[in-house]
Amino acid sequence: MLSFITDLFPAVYAEEKKHEEVAAEEAEEEVAAVEEEEEEEPEDIKPEIEEACGETSACAPLKHHLEECTKRVEGGAHEDCIEELYHFLHCVNECAVPKYFNKLV
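This structure is a prediction, so every number in the text was calculated from the model and none was measured.

Criteria and thresholds
- Residues numbered from 1 in each chain as written.
- Predicted model: local features only at pLDDT ≥ 70, side-chain atom pairs only at ≥ 80, totals over all residues.
- Heavy atoms only, no water.
- Core = buried A, V, L, I, M, F, W, Y, C linked by side-chain atoms within 4.5 Å.
- Buried < 20%, exposed > 50% of the residue type's maximum accessible area, 1.4 Å probe, protein only.
- Helix = DSSP H or I, 4+ residues; strand = E, 2+ residues; numbered from the N terminus.
- Contact = heavy atoms within 4.5 Å.
- Arc of directions from axis to C-beta.
- Disulfide = S-S within 2.5 Å.

Colleague: Explain the nonpolar core residue by residue, including any values.
Modeller: Formed by Ile-49, Cys-53, Cys-59, Leu-66, Cys-69, Cys-81, Phe-88, Cys-91, Val-92, Cys-95, Ala-96 and Tyr-100, the largest nonpolar core amounts to twelve residues. Elements that contribute at least two residues to this core include exactly helix H3 (46-54), helix H4 (60-74) and helix H5 (82-104). Excluding residues that lie within four positions of it along the chain, Cys-53 makes contacts with Cys-59, Val-92, Cys-95, Ala-96 and Lys-99.

This is the structure we're talking about:
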């Protein structure tokens, strides 16, 4: 029975790669690695700007209010801090958006 199956489905073995093919593949990998090193991503300025805006005098009270709400919720209060988060993020965005465009120009 086994010989019948092997006659229907012969075993196929992968051929060994030739030395030239292996060398060519290694050279391509080295070129790709060098290109990846040369292509550095520009630094993302968004988190830095948003952090600075969150600390401004306009947004600091809203951040404090959000942190107080978060502490209450973590303490077991049955509320959410969506409204506080919305107000804080709105303040941060109002401050940050003009700075994004100034950095792009």
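Colleague: Just give me the short version of H3, but keep the residues and values in it.
Modeller: Those residues of H3 not exposed but buried are Ile-49, Cys-53 and Gly-54. When H3 is viewed along its axis, its buried side chains cluster within an angular range of 135° and face the same direction. With respect to the buried face of H3, the exposed residues turned more than 90 degrees away are Glu-48 and Glu-51. Taken together, the buried residues of H3 touch H4 and H5.

Colleague: Please give an account of the state of the cysteines that cites residues and values.
Modeller: Applying the stated rule across the entire model yields three disulfides. With its sulfur 1.9 Å from that of its partner, Cys-59 forms a disulfide with Cys-91. Disulfide Cys-59 to Cys-91: torsion about the S-S bond roughly -95°, handedness left-handed. Here Cys-91 lies in helix H5 and Cys-59 lies in the loop between H3 and H4, a separation of 32 residues in the sequence. Here the two residues Cys-59 and Cys-91 agree in accessibility, since each one is buried. What pairs with Cys-69 in a disulfide is Cys-81, and their sulfur atoms sit 2.0 Å apart. Note on the Cys-69 and Cys-81 pair: the S-S dihedral is about -95°, so by sign convention the disulfide is left-handed. Note that Cys-69 is positioned in helix H4 and Cys-81 in the loop between H4 and H5, a separation of twelve residues in sequence.

Colleague: Let's hear about the environment of Arg-72: which residues, and what values?
Modeller: Of note, Arg-72 is situated in helix H4. With residues near it in sequence (within four places) discarded, Arg-72 still touches Ala-77, Glu-79 and Glu-84.

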